[in-house]
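Report on the structure
Below, each chain spelled out in residue letters.
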Amino acid sequence: MARFFEVVKDECRKNSGEIKLPTRATERSAGYDFYSPVDVVIQPNEMAMIWTDVKAHMYYDNLLMINVRSSMGKQPIMIANTQGWIDSDYYGNPDNDGNIGFRLFNLGKTPYEIKVGDRIGQGVFVKYGKVKDDNTKETRHGGFGSTN
C-alpha cells in the first residue's frame, strides 16, 4: 500500500480538460500543492467550491489535512470550515470516488481571481493514533460530508 494521487473516475469528474496532480514545490516541502482546474472569481464575503477532480490514496491510519497556501492570506482567503480533513476511506467512495474539493471563502474587500493552474491549497499527509478502547466498526457509505 502506498500514498498517491490520481484523477477520479470520468463519471465523477466535475471539470473538463487536463487535471494536474498535486506536487511539492521543493524536496523539503511538507505540503502538496493542489491546482485549480477552473477559472473562478470569488466576490468579497462569498464562497466558491472548487472540485479538483483528484483523489488521494493513503495508508489506513493516515489523513490528508488540507489548508490554503500561506500566500493566500494576503487577500485574505480561507477554507470555509478553516481546515479540511480527508480520511483514508474517502478514497473511492461511491458518491464521488474521493473527489477532493476546496470550499474557499473570500474575507477580503475585493474579488479574488483564480485561474486554471493556480495553486489553491496544500495537503499534508498525517499519521494518527487511536485510543486503546476504540472499537468502532462503522464504514463510510458516501462522499463529501457523509459522516455528518
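Residues numbered from 1 in each chain as written. Predicted model: local features only at pLDDT ≥ 70, side-chain atom pairs only at ≥ 80, totals over all residues. Heavy atoms only, no water.

With respect to the overall build of the protein chain
On a plain count of helices and strands, the protein chain comes out with zero helices and eleven strands. Starting at the N terminus and walking to the C terminus, you meet the elements of the protein chain as β-β-β-β-β-β-β-β-β-β-β. For 148 residues, the compact-globule formula gives about 15 Å, and the C-alpha radius of gyration of the protein chain, at 16 Å, lands near that figure. Taking the principal axes of its C-alpha atoms as reference, the protein chain extends roughly 50 × 35 × 35 Å. Long-range pairs, those at least 24 residues apart, make up 77% of the contacts in the protein chain between residues at least 6 apart in sequence. Total accessible area on the protein chain stands at roughly 9000 Å², and carbon and sulfur atoms take up 48% of it. Considering the protein chain, the positive charge centre built from 19 side chains and the negative charge centre built from 19 side chains are found 6 Å apart. (Helix = DSSP H or I, 4+ residues; strand = E, 2+ residues; numbered from the N terminus. Rg over C-alpha atoms; globule rule 2.2 N^0.38 Å. Contact = heavy atoms within 4.5 Å. Areas by Shrake-Rupley, 256 points an atom, 1.4 Å probe, with all protein chains shown as cover. Lys, Arg positive; Asp, Glu negative; His and termini not counted. Charge placed at Lys NZ, Arg CZ, Asp CG, Glu CD.)

A few points about the packing of aromatic side chains
Under the defined criterion, the tally for this structure stands at six aromatic pairs. Centroid distance phenylalanine 34 to phenylalanine 102: 5.3 Å. Interplanar angle 55°. Geometry classified as tilted. Of this pair, phenylalanine 34 sits in strand β2 (residues 32-35) while phenylalanine 102 sits in strand β9 (residues 101-106), and the two are 68 residues apart along the sequence. Take phenylalanine 34 and phenylalanine 102: they sit in the same class, and that class is buried. Three or more aromatic residues joined by ring pairs make a cluster, and in this case those are Phe5, Tyr32, Phe34, Phe102 and Phe125. Sitting over the ring of tryptophan 51, lysine 14 keeps its end group 5.5 Å from the ring centre. (Phe/Tyr/Trp six-rings, centres within 6.5 Å; stacked < 30°, edge-to-face > 60°. Buried < 20%, exposed > 50% of the residue type's maximum accessible area, 1.4 Å probe, protein only. Lys NZ or Arg CZ within 6 Å of the ring centre and 35° of its normal.)

Let's talk about the pairing of strand β11 (residues 119-127)
Across four bridges, the pairing between β2 and β11 is antiparallel. Note on β11: the bridge partner recorded for tyrosine 32 is glycine 123. For strand β6 (residues 62-67) and β11, the ladder comprises six bridges, and the chain directions are antiparallel. Bridge pairing in β11 links methionine 65 to valine 124. (Pairing = 2+ DSSP bridges.)

Brief notes about the nonpolar core
In this structure, Phe34, Leu64, Ile66, Ile100, Phe102, Leu104 and Ile114 are the most contacted members of the largest nonpolar core, which totals 25 residues. Residue assignment for this core shows that the elements contributing at least two residues are β3 (40-42), β4 (47-51), β5 (54-57), β6, β7 (77-79), β9, β10 (112-114) and β11. Ranked by the residues each element gives to this core, the list is headed by β4, at three residues. (Core = buried A, V, L, I, M, F, W, Y, C linked by side-chain atoms within 4.5 Å.)

Considerations on the environment of arginine 24
Within the element layout of this structure, arginine 24 appears in the loop between β1 (4-7) and β2. Separated by 98 residues in the primary sequence, arginine 24 and glutamine 122 have C-alpha atoms spaced 8.9 Å apart. Leaving out residues up to four positions away in the same chain, arginine 24 has contacts with Ser29, Gly31 and Tyr32. Only 2.8 Å separates the side chain of arginine 24 from the backbone oxygen of glutamate 27, close enough to count as a polar contact. Of note is the side chain of arginine 24, whose polar atom sits 2.9 Å from the backbone oxygen of serine 29. (Polar contact = N/O pair within 3.5 Å; in protein donor to acceptor, adjacent residues only side chain to side chain.)

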